[in-house]
Amino acid sequence: MDSFMYQFFRCNIFISIIIGMIFAAKRLLKHSLSSRMQYRLWFLLLGLLAVPFLPGLPLKPLPLFSWFPAFCQPASPLLGAMFSGVPGMPQPAGAGWMEDFAITAGRETPSALWLSLFFLWIAGVAAMGLCSLKSILQFHRFHKSALPLQNPAIKTLYQGCLEELGIARAIPIYSTAYLTSPVIAGLIYPRIYLPIRLLSGCPAKDMRYMLLHELQHYRHKDALANFFLSLAGALYWFHPLVRLALREMKHDREISCDTAVLNVLGEEDYKDYGHTLINFAEKTCRSPIPFSAGISGTMAQMEKRILNIAAYRPASRRQNLRSALAFGLVAALLSGFIPFLSIQAAGTERSGLPSGNVASLGSAGVSSTALGTEEGFGANAALPSHGVLSTDFHFKEAFGTGNGSFVLYDTAKDTWQIYNEAQAVRRSSPLSTYKIYSALLALESGVITPSQSYLPWDGQERQYPAWNAGQTLDTAMEHSATWYFQALDQKAGHGAIRDFIQKIGYGNQNIGKNTATYWGDSTLKISPVEQVELLRKFYYNEFGFSPENIDAVKKSICLSVTDYGTIYGKTGTAEENGKNIAGWFIGYLETEGNVYFFAADIQNETQASGSVAAELTFSALASMGLWGAD
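Residues numbered from 1 in each chain as written. Predicted model: local features only at pLDDT ≥ 70, side-chain atom pairs only at ≥ 80, totals over all residues. Heavy atoms only, no water.

**Student:** Even after reading the chapter, I still don't get the overall build of the protein chain, so can you show me in this structure?
**Tutor:** The number of helices and strands found in the protein chain is 22 helices and 15 strands. Residues classed as buried in the protein chain amount to 52% of the 630 residues present. Long-range contacts, defined as pairs at least 24 residues apart, comprise 72% of the intrachain contacts of the protein chain with a sequence gap of at least 6. Approximately 27800 Å² of the protein chain is accessible, and the part contributed by carbon and sulfur atoms is 58%. (Helix = DSSP H or I, 4+ residues; strand = E, 2+ residues; numbered from the N terminus. Buried < 20%, exposed > 50% of the residue type's maximum accessible area, 1.4 Å probe, protein only. Contact = heavy atoms within 4.5 Å. Areas by Shrake-Rupley, 256 points an atom, 1.4 Å probe, with all protein chains shown as cover.)

**Student:** Sorry if this is basic, but what is going on with the environment of Q490 here?
**Tutor:** Relative to the helices and strands, Q490 is located in helix α18 (residues 482–492). Accessibility expressed as a relative area gives 54% for Q490, which makes it exposed. Here the alpha-carbon distance between Q490 and T515, two residues 25 residues apart in the chain, equals 6.4 Å.

**Student:** I would appreciate a short explanation of helix α2 (residues 35–50) in the present structure.
**Tutor:** It helps to recall that an α-helix has 3.6 residues per turn; residues three or four apart then point in one direction. In this model α2 runs 24 Å from its N-terminal to its C-terminal C-alpha over 16 residues, within 8% of the 22 Å that 1.5 Å per residue would give. Taken as a whole, α2 has its buried residues at S35, R36, M37, Q38, Y39, L41, W42, L45, L46, L48 and L49. (Expected span 1.5 Å × (residues − 1).)

**Student:** Would you take a moment to explain the pattern of salt bridges for this structure?
**Tutor:** Where charged atoms of side chains with opposite charge meet at close range, the side chains can pair. Within the structure shown, the criterion is met by 11 salt bridges. Two residues, K304 and E248, come together in a salt bridge whose shortest N-O distance is 3.1 Å. With a gap of 56 residues between them, K304 in helix α10 (residues 299–311) and E248 in helix α8 (residues 240–264) connect regions that are remote in the sequence. The exposure class assigned to K304 is partly exposed, which follows from its relative accessible area of 34%. (Salt bridge = Lys/Arg side-chain N within 4 Å of Asp/Glu carboxyl O.)

**Student:** What exactly am I supposed to notice about the pairing of strand β10 (residues 415–419) here?
**Tutor:** Both faces of the sheet carry side chains from a regular strand, because those side chains alternate between them. A large share of β10 lies buried, amounting to five of its five residues. Here strand β9 (residues 403–410) pairs with β10 via five bridges, running antiparallel. The residue bridging L408 from the neighbouring strand is Q417, located in β10. The turn joining β9 and β10, which pair antiparallel and follow one another in sequence, is formed by four residues; a positive phi near 50° is taken by D414. (Pairing = 2+ DSSP bridges.)

**Student:** Looking at this model, I keep getting lost on the pairing of strand β14 (residues 594–603). Mind explaining?
**Tutor:** Counting buried positions over the 10 residues of β14 gives nine, a clear majority of the element. Pairing of strand β13 (residues 579–591) with β14 involves 10 bridges; the strand directions are antiparallel. Note that in β14 the partner of F585 across the bridge is A600. A loop of two residues connects β13 with β14, the two strands running antiparallel in sequence, and G593 in this loop sits at a positive phi of about 85°.

**Student:** What's the story with the side chain of R36 in this structure? I'm lost.
**Tutor:** Within the element layout of this structure, R36 appears in helix α2. Despite its burial, R36 pairs with no opposite charge, the nearest such side chain being D222 at 5.0 Å. At 3.1 Å, the side chain of R36 forms a polar contact with the side chain of H220. For R36, the contacting residues outside a window of four places in its chain are H220, S256 and C257. (Lys, Arg positive; Asp, Glu negative; His and termini not counted. Polar contact = N/O pair within 3.5 Å; in protein donor to acceptor, adjacent residues only side chain to side chain.)

**Student:** Could you clarify how one ought to interpret the packing of aromatic side chains in this entry?
**Tutor:** Describing an aromatic ring pair means giving the distance of the ring centres and the angle of the ring planes. With the rule as written, the count across this model stands at 41 aromatic pairs. Ring geometry for Y434 versus Y437: centroids 6.4 Å apart, planes at 35°, classification tilted. By the burial criterion, Y434 is buried, and Y437 matches it. With centroids separated by 6.4 Å and ring planes inclined at 55°, the aromatic side chains of Y540 and F597 adopt a geometry described as tilted. Of the two residues, Y540 is situated in the loop between α20 (528–539) and α21 (547–556) and F597 in strand β14; the sequence distance between them amounts to 57 residues. You can call F597 buried: its relative accessible area is 0%. Among the aromatic residues, ring-to-ring pairing joins F8, F53, F118, F119, W121, Y236, W237 and F238 into one connected group. Residue placement shows K221 over the ring face of Y218; its charged tip is 5.7 Å from the ring centre. The ring of Y539 has K554 lying over it, and the distance from NZ or CZ to the ring centre is 4.1 Å. (Phe/Tyr/Trp six-rings, centres within 6.5 Å; stacked < 30°, edge-to-face > 60°. Lys NZ or Arg CZ within 6 Å of the ring centre and 35° of its normal.)

**Student:** Explain the environment of D410 to me, please; I cannot follow it from the model alone.
**Tutor:** Relative to the helices and strands, D410 resides in strand β9. Residues D410 and L589 lie 179 residues apart in sequence; the distance between their C-alpha atoms is 9.9 Å. Contacts of D410, omitting those with residues within four sequence positions, involve T415, N594, V595 and Y596.

**Student:** Where do I start with the side chain of T573 in this structure?
**Tutor:** Inspection of the secondary structure puts T573 in strand β12 (residues 565–576). Of note is the side chain of T573, whose polar atom sits 2.6 Å from the backbone nitrogen of G610.

**Student:** Before we go on, may I ask you to explain the nonpolar core in this structure?
**Tutor:** Within soluble globular proteins, side chains that are nonpolar generally end up buried alongside one another. Judged by nonpolar contacts, the single largest core of 60 residues is most densely connected at Y434, Y437, Y484, F485, F500 and Y506. Per element, the largest residue contribution to this core is seven residues, and it comes from helix α16 (residues 435–444). Non-local contacts of F485, meaning those with residues more than four positions away in its chain, are made with K435, S438, A439, L473, A476, M477 and W519. Of all hydrophobic cores here, the second largest spans 39 residues; its members include I18, L48, W114 and F118. (Core = buried A, V, L, I, M, F, W, Y, C linked by side-chain atoms within 4.5 Å.)

**Student:** Explain the environment of T156 to me, please; I cannot follow it from the model alone.
**Tutor:** Positionally, T156 belongs in helix α5 (residues 152–164). One polar contact links the side chain of T156 to the main-chain carbonyl oxygen of P152, over a distance of 2.9 Å.

**Student:** Help me out: how do you make sense of unusual backbone geometry in this one?
**Tutor:** Most peptide bonds are trans, and most residues other than glycine sit at a negative phi. A positive phi angle is found at D414, which is not glycine, with a value near 50°. Its location among the elements puts D414 in the loop between β9 and β10. In this model, L431 sits at a positive phi of 55°, which is unusual for a non-glycine residue. Within the fold, L431 resides in the loop between α15 (421–424) and α16.

**Student:** I'm lost on a nonpolar patch on the surface in this one. Help?
**Tutor:** Taken together, L187, I188, Y189, L224, F227, F228 and L231 make up a surface patch of nonpolar side chains, about 710 Å² in accessible area. The exposure class of L224 is partly exposed, given its relative accessible area of 39%. (Patch = residues over 30% accessible without salt bridge, like charges linked within 9 Å, V, L, I, M, F, W, Y side chains within 5 Å.)

**Student:** Sorry, what's going on with the packing of α2 against helix α11 (residues 317–335) here?
**Tutor:** To characterise two packed helices, one gives the angle between the axes of the helices and the distance between these axes. Two numbers describe how α2 lies on α11: the axes approach to 10 Å, and their chain directions differ by 20°. It follows that α2 is roughly parallel to α11 by the angle criterion. As α2 runs across α11, the sense of the crossing is right-handed. Contacts between α2 and α11 pair M37, R40, L41, L44 and L48 from the former with S323, A324, F327, V330, A331 and L334 from the latter. Among the residues forming the contact of α2 with α11, the class breakdown is nine nonpolar, one polar and one charged. (Axes fitted to C-alpha atoms, helices over the stretch in contact; angles between N-to-C directions. Parallel < 35°, antiparallel > 145°, perpendicular 65-115°, else oblique. Left-handed = near helix turned anticlockwise from the far one by under 90°. Nonpolar A, V, L, I, M, F, W, Y, C, P; charged D, E, K, R; others polar.)

**Student:** Any chance you could explain the confidence of the model for the protein chain here in plain terms?
**Tutor:** Regions with low pLDDT carry predicted coordinates that are not meant to be interpreted in detail. Across the protein chain, the average pLDDT comes to 80, with 78% of residues at 70 or higher. Per-element mean pLDDT across the protein chain ranges from 40 in helix α3 (residues 69–72) up to 97 in α21. Scored below 50 in pLDDT, residues 284–288 shows 12 contacts in the model against residues more than four places distant or in partner chains. (pLDDT = per-residue confidence, 0-100.)

Here it is as structure tokens:
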């Protein structure tokens, strides 16, 4: 809830910028953009207004927009939530277990504020919805009072207009006493409504112009545009610039429709068409019935439309091409805002898929699937029988109500097994799992050495007694002493951290400005697939670091040695309001002649933690015959 409202608030800042850019583009390119293209610019806005409500888009900002660093990286509701450890779970034999310490996540903005704003927004949307419902009911009552057109002369004229515009569909036409100007209404079943007073005494030429105008609304699907206008107006009822833009879109729609009519008429008819509009402006300036498009409008609209008619000249092919190019330029520029407007994409980035053979892990067992299945993903063709490990582990039941993924890479067979592809490629805060690389950086930069890694306690009392003492790399990793790794990062410096992250290719490679919280506040993000790939590179030292430093970190994360092999790993948990809401367990299992790399993450509202992720991992490994307690 909080995250949605924060991101929605952030999106509305960009929407204001976009609206300003569209108005500027219309002004600067008014001689290049045709009236139709100026109208279509607003459809770009409608599309962008929909982006915050669409599912996550795996897009990255264009380089052109790199000057938006503060907005590119959204603030996270999890600030400083880092930990490691697993109390109370079955422990691997032959070794102690890391203690489970969590730091309560703080919020920069009280959740009550976002909750209040959410309900206020929902109330406004509901009110707008009720108004729309009232308008629909009003339209139905209005339609029942209308009668099919009986005037034979106008029916003949109308049939000629349909043929002139090449419209094959028989659009019903009605007469009514409740209108002062013609309108076309109806999204699925469009109908034209004519005022009864026009049926007698209205010159045939004027009637033709009005019918052509309404039919142009039909040709350009303006009823559908009306629907999206109403929807956008409801969702953004609070935004004055959106309301201004939607009003301007309606103005441009009528000008565009006038131009379409002029394209059909001869030059000798331009003046007469303008006079027809003026006559209607003298008689009425009220908007027609809801969800309709008509020839009338306000006096301000009429003035702009008359000026457009007076200046109208048929566009040449060159002018149409120039207009299309100008529109394409504006569209390309505005498309760069899509990643900033996607609430899902802003909250979570995505990584690429792994290379090598990939098998999907369903709720139980291994199944060969097509890419993009609900439960996971697989290779395009079935894998060889020796390429995957069989398992009867029920992943779906194990994750329960939480969302999560499990990734396993078999080095000897170059085979990936993945449960829940969507989650496995979604980046999130690494939490305390990053301490593996924080230690490696400190060793590589000389802040500590394998033989001298002790840091004295600073005397600050912290919530976990195990933290209130001097630490070595081994004890700090065992106790997940956050202050120790923060001190290492502080000594290494922001520049060294940035260069290190880029060198090893860690996740989104974004550390922000705060060297104390970047790996726990969702500035730095990594996906489960990337965790496994990075662990493999770390294990085989593909970074070219000192072997002694690699071995020192490996020693610090060694968890258990059994007849099945040696297992190494690190957990991470995020706690919010006293509840564990996210958990990691990453590591690898060394067996005779093979190494298996794994990553498990889980998220839910109350019971997601590193210990849960670790327990799930050991159960999955046991079901595959890779692990057991001796």
